[in-house]
Amino acid sequence: MIATATTLHADVAVDGAGHATNGGVLTYTVPECLAGLLEPRQLVWVPLRSKLVLGIVSRVHDESPRFDSRELHSRVEPVMALTEQQWELACWLARETASSVYTAASLYLPRGIANRVVEWYRLAPDHEDRDDGELSNIQRGVVDVLRAESPLKLDTLRARTGRSLTKILPALEERRWVERVLQVDQRRAELPTTRYIRLLEPTAELPASASRQREVLESLRQRARMRRSGESDLIEESSLRQRLGVTRGIITALRDKGIIEEIELSDDATPKPAPAPAPRLTASQERSWTAFRAALEAGDSTSHLLFGVTGSGKTEIYLRAVGWALTQGKTAIVLVPEIGLATQVVRRFVERFPGRVAVLHSALKDAERLEVWEGIAEGRCDVVVGPRSALFAPMDRLGVIIMDEEHDSAYKQDTEPRYHARSVAIYLARQMGAGLIMGSATPAVESAWHADQHDYRKLLLPDRVSPSVVDAASGTAGALALPKVEIVDLRLELRQGNTSLLSSVLQGYVRESLERGEQAILLLNRRGQSTVVLCRSCGSRLICPFCEIPLVFHRDQSKLICHRCNFHERPPKVCPSCEGPLDYFGAGTQRVEEEARRLFPGVSVLRWDQDSVRRQGGYEAMLRRVERREADIVVGTQMVAKGFDLPGVTTIGVINADTMIHLPDFRGAERTFQLLTQVAGRAGRRGPGGRVAIQTYTPRHYAVQAAAEHDYGTFYAAEIAFREQHRFPPFTRLVRYVTRHKNERQAALDAEKMARAVAKHARHADVEIDILGPTPAFAAKVRGEYQWQFVIRSHELDALLDGIPTAPGWVVDIDPQSMM
């Protein structure tokens, strides 16, 4: 039955409704009990198919739809709603990424909110006016329990009645005897605590036999004498015990004698250290900071691209910008590509702004993330540091957005909504009137082009600086030469009979560093021991049965592993096809580690890749080991190139620079140049003498040549000419469509059908496009399903976004960062 014109309706962006149906916005009837209570942007519960799901109200109106509409169930309790600014950005983002409105808007919700829902049941308000004679005995028993105590959690109600109530409660709800209430569990995570000691009786006397207690007491007396005015009189117990080498029993004995007291504080209430002092800026830093500060003071939201060589002091500009925002009573967002790989950057912000920084990262449990989220919303933290999701933190009075390593591919989300943090940061800065600064030693080609077109303002830091080199005239950190880079032609090494993974040049560099007590990094962007396992008799490869790509042998696990779907199995002793002998070819980080131990016996070798990080306590623990010089040689993937400042590293060896150059992706050369330049920047950051060896089979490639000269300009000139000739971004925009199916022919037919739908849509929108494909994707089979794709290329993509075709099961990636 179609509702009357006086009935209120709500358009709701629904979780799980998909993009194809009006952006996932569905219309529901508003129940009388919510009339006058429902507002735009509120979170609600709505029925979708056979279950209740979350939704966000788009608008409330009295326009009757031309169909029977289901009734909206209830509001989320406690009431939650997005701000007008958040909703506006979400709607823009849904269009820009061809995703549903709810999916885009959900980025503003604390992660895991749907998993924190608790079901409660209560009697309907008018239950007294009803005759329970119409109920069965079991139903009447449920009603009697709720009459005695209401509301009750579902689990409690089941326990009181001794029944599962799977069918009984829906029947009572349908007959309006009971109401189901869905509440978000507001229990907060228990904050970690730290135990502190305070000296109460500095003149206390202890017997000579209590020598360890006397040692602790004397240490506390000495600290009390040296404590500066205003400094906390608390000392962290664990650090005291570690420094003096005393047991917990010694501390307890002093406490029991009344000489000290113990205080346990949650980490957000612990004494805050004094802010770390800001260093004097170099001349180029001063110019860049002055230009950006002028834009901040003018309320100018034009994006700024901070182009500085590795080690040029970009982070200090970020710190100054955040400091400016705080002095103006504003807040700041600091983006890093991956929080685990940005430990040192995070540390500097925490030290400069103690007690004011909230760090978001994937390791937080849902309850902990909710706690941090609420702390930000309540204004307890005015600086948020985190990956791309930090853009959606509930910040008011936003003054500055920092985007460190803006070129990094981790800023692109690979699940819906497939947004790039750079685009969102630009939109958010304009929306909030905030300043935006994006920094990199190797800016994305698109960013450099936009700077050339004056869409961004370019700020330059051309010199590497080091605190160990001081300019006598100004007293600031002096300029430090970039490391010398040598290109090693691996073809010549083979002709000269060197079959080692390390060329003779690289072996010499590493040996000299070790003799001086310095450290070396060896980079190979492949995990595992052997990347291909072949039969010597029939030539068959051992491949993944689900993805049809070679399995990689991991010696430390004694397993063959598929790096695409994580299928793994024990390596067979003989070829499964002909029972011939197997050979292991190719190299990954495990084999480089093995080779380093063979060539340099007795030295400490640390392997730093995805496999070892999980086993050795995470990024922070591994970084600490390198900083404490517990490793002489670090063998790693691209993780070791991610902006670390490692004073002891003077030698870098790139085992094979060709791993990305020849991939079927137009960004291959760019990624190669960025990786080589970034990893070279880890060498010699405290003094002259850093050296880098780049081993390659294509020594004349422009990306390799430019990286060896630390010459972004030469690389950019060659790359932008290639992009313009072949009509790749920034001269056009791309959309990548990908589908999967267990039947390869059906995958091809689906791709062909979708390509025709896109072509028809482009004709109606009067937009000229190229369609590249459909073809099998580079990853032609994934987890047992065949993968097909096609790519749209256009100068006028914006006009194509409204109503762009999509369908369930399709991946639609606008402005993809990878064509593979």
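### Details of the sheet that holds strand β32 (residues 733–741)
Pairing is antiparallel across the open sheet formed by 4 strands, whose spatial order is β33-β34-β32-β35. Taken across any chain shown, the strands that pair with only one partner, and hence form the sheet edges, are β33 (770–782) and β35 (811–814). Put simply, the sheet's adjacent strands are angled 20° from each other on average, direction ignored. Examined bridge by bridge, β32 and strand β34 (residues 785–794) share 9 bridges and lie antiparallel to one another. Bridge pairing in β34 links histidine 741 to tyrosine 786.

### Describing the sheet that holds strand β4 (residues 51–61)
Strand order across the open sheet formed by 5 strands is β2-β1-β4-β3-β5, with antiparallel pairing between neighbours. Of all strands in the sheet, those with a lone pairing partner are β2 (25–29) and β5 (74–75), marking the two edges. As defined by bridge partners, strand β3 (residues 43–48) adjoins β4 across 6 bridges and the pair is classed as antiparallel. Within β4, the residue paired with tryptophan 45 across the bridge is leucine 54.

### Some remarks on empty space enclosed by the protein
Tallied over the entire structure, the rule returns 1 cavity of 30 Å³ or more. Estimated volume of the largest cavity: approximately 50 Å³. The biggest single contributor to the lining of the largest cavity is helix α20 (residues 668–680), with 3 residues. Residue composition of the lining of the largest cavity, by class: 6 nonpolar, 3 polar and no charged.

### A look at the packing of aromatic side chains
Following the criterion strictly, the structure yields 16 aromatic pairs and no others. Measuring from centroid to centroid gives 4.4 Å for phenylalanine 673 and phenylalanine 715, while their planes differ by 5°, and the two rings are stacked. Residue phenylalanine 673 is located in helix α20, and its partner phenylalanine 715 is located in helix α22 (residues 712–726); the two are separated by 42 residues in the primary sequence. Looking at phenylalanine 715, the relative accessible area reads 1%, which means it is buried. Here the aromatic cluster, defined as three or more aromatic residues joined through ring pairs, consists of Phe307, Phe673, Tyr702, Tyr712, Phe715 and Tyr716.

### So, the pattern of salt bridges
Per the counting criterion, the structure on display carries 49 salt bridges. Arginine 241 is paired through a salt bridge with glutamate 237; the nearest N and O atoms lie 3.3 Å apart. Here the residue arginine 241 and the residue glutamate 237 both occupy positions in helix α7 (residues 237–244), the gap between them amounting to 4 residues, near one helical turn. Looking at arginine 241, the relative accessible area reads 27%, which means it is partly exposed. Residue arginine 597 pairs with glutamate 593 through a salt bridge whose shortest N-O separation is 2.9 Å. Here arginine 597 and its partner glutamate 593 are both found in helix α17 (residues 589–599), 4 residues apart, which amounts to about one turn of the helix. Residue classification places arginine 597 among the partly exposed residues on the basis of a relative accessible area of 39%. Members of the salt-bridge network, linked through shared partners, are Arg195, Glu237, Arg241, Arg248, Arg255, Asp256 and Glu262.

### A closer look at the nonpolar core
Residues Leu82, Leu93, Leu335, Leu391, Phe392 and Ile401 are the most contacted members of the largest nonpolar core, which totals 52 residues. Of the residues forming this core, the biggest block, 6 residues, is contributed by helix α13 (residues 421–432). Discounting chain neighbours no more than four positions away, the residues touching leucine 82 are Arg41, Leu43, Ile56, Trp87, Ala105, Tyr108 and Leu109. Membership of the second largest hydrophobic core comes to 45 residues, among which are Ile521, Val626, Met639 and Val704.

Rules behind the numbers
Residues numbered from 1 in each chain as written. Predicted model: local features only at pLDDT ≥ 70, side-chain atom pairs only at ≥ 80, totals over all residues. Heavy atoms only, no water. Pairing = 2+ DSSP bridges. Helix = DSSP H or I, 4+ residues; strand = E, 2+ residues; numbered from the N terminus. Axes fitted to C-alpha atoms, helices over the stretch in contact; angles between N-to-C directions. 1 Å grid on protein atoms, 1.4 Å probe; cavity = no way out; pocket = protein on both sides within 12 Å on 5 of 7 lines; lining within 4 Å. Points joined across faces, edges and corners; volume = space filled by probe spheres on them. Nonpolar A, V, L, I, M, F, W, Y, C, P; charged D, E, K, R; others polar. Phe/Tyr/Trp six-rings, centres within 6.5 Å; stacked < 30°, edge-to-face > 60°. Buried < 20%, exposed > 50% of the residue type's maximum accessible area, 1.4 Å probe, protein only. Salt bridge = Lys/Arg side-chain N within 4 Å of Asp/Glu carboxyl O. Core = buried A, V, L, I, M, F, W, Y, C linked by side-chain atoms within 4.5 Å. Contact = heavy atoms within 4.5 Å.

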